[in-house]
Amino acid sequence: MAGVAVSTTINGDAVEYLCQPDETLLDVLRDRLGLTGAKEGCGTGDCGACSVIVDGRLVCSCLVLGAEAEGRKVETIEGMAHGDQLHPLQQKFLEHAALQCGICTPGFLIAAKDLLAKNPSPTEEEIRFGLAGNLCRCTGYDKIVRAVQDAAEVMKGA
Amino acid sequence: MRYIRPLSIEDAVGELAKAVGPAAILAGGSDLLVRMKGGFIEPELIVDIKAISGLADITETADGFRIGAAVPCAVLGENKAVRKAWPGVVEAANLIGSKQVQGRCTITGNLCNASPAADSVPALVAAAAKAVVAGPSGKRTIAVESVPTGPGRTSLAKGEIIEAILLDKRPEHAGDAYLRFIPRTEMDIAVVSAGVNLTLDDKGAIKTARVALGAAAPTVLLVEEAGQVLVGSKLDEGTLERLAKICSGACRPIDDKRGTIEFRRKVAGVLAQRAAAIAYKRAGGK
Ligand SMILES: Cc1cc2nc3c(=O)[nH]c(=O)nc-3n(C[C@H](O)[C@H](O)[C@H](O)COP(=O)(O)OP(=O)(O)OC[C@H]3O[C@@H](n4cnc5c(N)ncnc54)[C@H](O)[C@@H]3O)c2cc1C
Ligand code: FES
Ligand code: FES
């Protein structure tokens, strides 16, 4: 199989890579670019652990081909903090202990960031519905919802 | 395997038409990539249609709306004009998957994947939506219900691509609705579903009606008799009962772990009644 040459932007940086035509963006991020924040929980769009934002849209990177990133802007969990300064969502996830094993956390953070960008004051129901594409086997979700609510308050004040 | 991203529909059709091995059209990939990973298909050529000019646009024409085949359902849901004219179609499209899936999935992909449980399809069929098909011998416009021919099978020939879905302009006093039954509250496949599209006369009596059922047969079912029974009524008790009976009778469902035949028949009728009531209210009926 001939490789596909891709030029894209990841977390604001211009990035070029070669990938196989059937290789997913998740595999490219993790195995070629060393961006291992996005996780593979299922590989079939069900768990959201691989969530990234492409051109402003939340997607599962396990269901995007690496080749499709050509000319796009990709945002991953690695771009969420500014240096040592955590994003309010990251900070609140820590404060609320909204993670245990942490496998789902990057996906939840990216999905929650997308949710708050589109709806800065979501109700609890809107948060639960908005994050329904992210599965967590550990926390029982409540702490995640509280963390997102709290982060929303902080971000509105900012 | 080759991945290509043509810029024109002619190039895309040309590449598909001359492909020697198995070829696949890639829209949002939420079915295609899952099936590739599962080993159910091994295409030698993937034609990504998202860069084809015009395919990512929703345009309002003199006749209604043209929804390009590469428009993700999330974008469709943000379009106020379509949402106002066809709330049932949009709510059905927005039921597909999660926010992540919404960012990618298309109604055309939903239609062409040809699952009997595809959520947007009963709503599109009830809406009398049409598909614009581009192929090696030119373009044709067909009713959406003629696209799926069985689970996973379509009437599209080699080299053919659906370019857009067309929805009519709405007259006054019109409404549509879509409902599905799932055991969870989100992220699940319809056990059975119903789409209803109505127009009313000035007195609030139903003038035209189309009723479609999902997951009730190998393909979506357009239940013409159910539409007919609604015409002339104001959705009184008796009419609703007849509607449910006709819909239950029209089902040819399967028994599986998600629902029995008996359950699907019963719920198809109930959902048709409820969707009709919502569509009637949206059309301004009282
Ligand atoms: C986690 C998850 C949840 C889901 N939940 C639902 C749900 O609730 N309800 C539901 O109905 N579906 C659901 N699906 C299935 C899927 O998301 C939908 O069927 C979706 O609409 C497919 O659109 P797509 O653009 O991603 O299609 P793709 O995967 O790109 O394509 C689907 C099929 O159609 C063909 N095709 C695509 N575009 C065209 C075209 N323009 N012309 C001709 N052929 C074409 C492709 O070759 C392929 O065979 C879910 C999928 C996942 C992964
Ligand atoms: S790994 Fe992508 S959704 Fe689970
Ligand atoms: S913290 Fe373990 S899966 Fe969510």
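Predicted, not measured: the structure shown is a model, and the values here were computed from it.

Q: Even after reading the chapter, I still don't get the overall build of chain B, so can you show me in this structure?
A: When helices and strands are counted, chain B shows 11 helices and 14 strands. Its C-alpha radius of gyration of 19 Å places chain B within 12% of the 19 Å reference for a compact globule of 286 residues. With respect to the three principal axes, the spread of C-alpha positions in chain B is 60 × 45 × 35 Å. Looking at chain B as a whole, 55% of its 286 residues are labelled buried. Across chain B, contacts joining residues at least 24 apart in sequence account for 59% of those joining residues at least 6 apart. Here chain B displays about 12400 Å² of accessible surface, and carbon together with sulfur accounts for 54% of that area. Treating the 37 positive side-chain charges of chain B as one cloud and the 31 negative ones as another, the clouds have centres 2 Å apart.

Q: Teacher, can you tell me more about the interface of chain A and chain B here?
A: The accessible area lost on association of the parts is a frequent measure of interface size. In this complex, chain A contributes 30 residues to the contact, which on the side of chain B involves 26 residues. Buried area between chain A and chain B, summed over both chains or domains, comes out near 2200 Å², and the portion from carbon and sulfur atoms is 62%. By the criterion of area lost to chain B, the three top residues of chain A are R57, L63 and E68 of chain A, representing 27% of everything that side buries. Here chain A is connected to chain B by 3 salt bridges. For R57 of chain A, the salt bridge goes to E78 of chain B, with nearest N and O atoms at 2.8 Å. For the pair chain A and chain B, the number of links is 9 residue pairs in polar contact (both at pLDDT 80 or more). Elements supplying a minimum of two residues to the side of chain A that touches chain B: β4 (57–60), α3 (105–118) and α4 (124–130) of chain A. With 4 residues, the top contributor of residues to the side of chain A that touches chain B is β4 of chain A.

Q: Just to check I follow, could you spell out helix α11 (residues 261–282) of chain B for this structure?
A: Helical periodicity: at 3.6 residues per turn, an α-helix aligns residues three or four positions apart in one direction. Residues and elements named next belong to chain B. Compared with an ideal rise of 1.5 Å per residue, which puts 22 residues at 32 Å, α11 spans 31 Å between its outermost C-alpha atoms and is within 8% of the ideal. Every buried residue of α11 is accounted for by R264, V267, A268, G269, L271, A272, A275, A276, A279 and Y280. Packing partners of the buried residues in α11 comprise β11 (174–181), β12 (192–200), β13 (206–214) and α10 (237–250).

Q: Can you walk me through the pattern of salt bridges in this structure?
A: When the charged atoms of two side chains lie near each other, side chains of opposite charge can form a pair. Applying the stated criterion to the full structure yields 25 salt bridges over all chains. With a closest N to O distance of 3.7 Å, R146 of chain A and D142 of chain A form a salt bridge. One end of the pair is R146 of chain A and the other is D142 of chain A, both in helix α5 (residues 142–157) and 4 residues apart, which spans about a single turn. Since its relative accessible area comes to 33%, R146 of chain A is described here as partly exposed. Exposure remark for D142 of chain A: the relative accessible area of 37% places this residue in the partly exposed category. The partner of R140 of chain B in a salt bridge is E160 of chain B, and the shortest N-O contact between them spans 2.8 Å. Note that R140 of chain B is positioned in strand β7 (residues 138–143) and E160 of chain B in the loop between β9 (153–154) and β10 (161–168), a separation of 20 residues in sequence.

Q: I keep staring at the site of ligand 1 and nothing clicks. Help me out?
A: With respect to spatial proximity, 34 residues lie near ligand 1, and among them I25, S30, D31, T106 and D119 of chain B are the closest. Around ligand 1 the close residues trace back to chains A and B. For ligand 1, whose free accessible area comes to 980 Å², the fraction covered by protein is 91%. At the level of secondary structure, the elements contributing two or more residues to the shell around ligand 1 comprise β2 (23–26), α2 (32–37), α7 (107–113) and β10 of chain B. At 5 residues, the largest contribution of residues to the shell around ligand 1 is made by α7 of chain B. Residues that form the shell around ligand 1 fall into these classes: 17 nonpolar, 11 polar and 6 charged.

Q: For this particular structure, what's the right way to read the domain arrangement of chain A?
A: Residues and elements named next belong to chain A. Each assigned domain of chain A is listed here: domain 1 (4–76) and domain 2 (88–157). When each unit is reduced to the centre of its C-alpha atoms, the spacing between domain 1 and domain 2 is 22 Å. With 14 residues of domain 1 at the interface, the matching set in domain 2 holds 11 residues. Summing the contributions of domain 1 and of domain 2, the shared interface buries around 990 Å²; its carbon and sulfur component is 60%. If you look at where domain 1 meets domain 2, you find 1 salt bridge. Linking K113 and E75 is a salt bridge whose minimum nitrogen-to-oxygen distance equals 3.1 Å. Our count for the domain 1 to domain 2 interface comes out at 5 residue pairs in polar contact (both at pLDDT 80 or more). Looking at which element gives the most residues to the side of domain 1 that touches domain 2, the answer is strand β3 (residues 51–54), with 3 residues.

Q: Before we go on, may I ask you to explain helix α1 (residues 25–32) of chain A in this structure?
A: Listed in full, the buried residues belonging to α1 of chain A are L25, L26, V28 and L29 of chain A. Directly after α1 of chain A, the chain includes G34 of chain A, whose backbone phi takes a positive value near 70°.

Q: Honestly, the packing of helix α2 (residues 88–95) of chain A against α3 of chain A in this entry has me stumped. Any pointers?
A: Between two packed helices, the angle of one axis relative to the other and the distance separating the axes together describe the packing. All names here are of chain A. Their axes nearest at 10 Å, the elements α2 and α3 cross at an angle of 130°. As the angle between them shows, α2 and α3 are arranged oblique. Both α2 and α3 take part in a crossing whose hand is right-handed. Of the residues in α3, those touching α2 at L89, Q90 and F93 are T105, F108, L109, A112, K113 and L116.

Reading the values: the criteria
Residues numbered from 1 in each chain as written. Chains lettered and ligands numbered in written order. Predicted model: local features only at pLDDT ≥ 70, side-chain atom pairs only at ≥ 80, totals over all residues. Heavy atoms only, no water. Helix = DSSP H or I, 4+ residues; strand = E, 2+ residues; numbered from the N terminus. Rg over C-alpha atoms; globule rule 2.2 N^0.38 Å. Buried < 20%, exposed > 50% of the residue type's maximum accessible area, 1.4 Å probe, protein only. Contact = heavy atoms within 4.5 Å. Areas by Shrake-Rupley, 256 points an atom, 1.4 Å probe, with all protein chains shown as cover. Lys, Arg positive; Asp, Glu negative; His and termini not counted. Charge placed at Lys NZ, Arg CZ, Asp CG, Glu CD. Buried area = accessible area lost by both parts, 1.4 Å probe. Salt bridge = Lys/Arg side-chain N within 4 Å of Asp/Glu carboxyl O. Polar contact = N/O pair within 3.5 Å; in protein donor to acceptor, adjacent residues only side chain to side chain. Expected span 1.5 Å × (residues − 1). Near = heavy atom within 4 Å. Nonpolar A, V, L, I, M, F, W, Y, C, P; charged D, E, K, R; others polar. Domains from an automatic or database assignment. Axes fitted to C-alpha atoms, helices over the stretch in contact; angles between N-to-C directions. Parallel < 35°, antiparallel > 145°, perpendicular 65-115°, else oblique. Left-handed = near helix turned anticlockwise from the far one by under 90°.

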